Amino acid sequence: MTNSVWARTLLGVAAAIATAALPAHAQTTGNVPKQVHLVQDGNRIMASNVRLNRFDELKLGAQERIREQKVGQAVAIVVTNQRIIAYGVLSGWVPMDRVANETIQSISAEDYAGLIVTDQRMLNFNGETGVWAEQDRRVSR
């Protein structure tokens with residue numbers, strides 16, 4: 001066996017040993033482990049933040065009702081009749097007001113990212129920084 005083949009073989013064995021020593025969730029590149037869960041408790045929603053070992057409370061208004069919610073690995077999106085509220089494990093709850101007569105078309109929550117598409121705008125939420133981005137849509141009515 002030549003030196004370069006021998007060196008590549010040793011590197012391959014070392015990489016296999018190192019990968020086997022990692023926790024299961026870290027063995028697949030690009031995956032964020034599950035860090036947030038939502039629990040509705042009366043007129044409030046509790047975010048169970050596994051990463052920081054705490055619960056964060058979101059109080060709903062007297063007339064506020066949950067319409068839809070999605071939970072990803074480290075971010076959650078809650079849509080009510082009054083607000084769109086995102087939760088990031090590193091940023092906490094961050095609300096945004098609904099636009100009058102706005103229709104939610106899709107919601108996704110994955111890793112640290114939340115995306116909401118309405119008939120009037122697109123919103124994305126970064127669960128690490130707690131920042132919303134907004135883009136108006138050019139949808140013909």
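Values in this document were obtained by computation on a predicted structure and should not be read as measured data. (Residues numbered from 1 in each chain as written. Predicted model: local features only at pLDDT ≥ 70, side-chain atom pairs only at ≥ 80, totals over all residues. Heavy atoms only, no water.)

A.B. asks: Give me the overall build of the chain: which residues, what numbers.
C.D. replies: What the chain contains, in helices and strands, is two helices and 11 strands. For the chain, the sequential pattern of α-helices and β-strands runs α-α-β-β-β-β-β-β-β-β-β-β-β. For the chain, buried positions account for 34% of its 141 residues. Residue pairs in contact within the chain that sit at least 24 positions apart in sequence constitute 37% of those at least 6 positions apart. Element-wise, carbon and sulfur atoms account for 51% of the exposed surface of the chain, whose accessible area totals about 8700 Å². (Helix = DSSP H or I, 4+ residues; strand = E, 2+ residues; numbered from the N terminus. Buried < 20%, exposed > 50% of the residue type's maximum accessible area, 1.4 Å probe, protein only. Contact = heavy atoms within 4.5 Å. Areas by Shrake-Rupley, 256 points an atom, 1.4 Å probe, with all protein chains shown as cover.)

A.B. asks: I'd love a proper account of the sheet that holds strand S1 (residues 36-41), names of residues and values included.
C.D. replies: In spatial order, the strands read S1-S2-S3; together these three strands make up an open sheet with antiparallel pairing. Edge positions in the open sheet fall to S1 and strand S3 (54-59), since each of these has one partner strand only. Direction aside, neighbouring strands of the sheet carry axes that sit 25° apart on average. Where strand S2 (residues 44-49) meets S3, six bridges bridge the pair, whose relative direction is antiparallel. Paired with Ser-48 across the two strands is Phe-55, which belongs to S3. (Pairing = 2+ DSSP bridges. Axes fitted to C-alpha atoms, helices over the stretch in contact; angles between N-to-C directions.)

A.B. asks: Could you give me a rundown of the environment of Asp-119, with the residues and numbers involved?
C.D. replies: Its place among the elements puts Asp-119 in the loop between strand S9 (113-118) and strand S10 (121-126). When its relative accessible area of 18% is taken as the criterion, Asp-119 is described as buried. As a C-alpha pair, Asp-119 and Thr-103 span 16 residues in sequence and 5.5 Å in three-dimensional space. Of note is the side chain of Asp-119, whose polar atom sits 2.9 Å from the backbone nitrogen of Thr-103. (Polar contact = N/O pair within 3.5 Å; in protein donor to acceptor, adjacent residues only side chain to side chain.)

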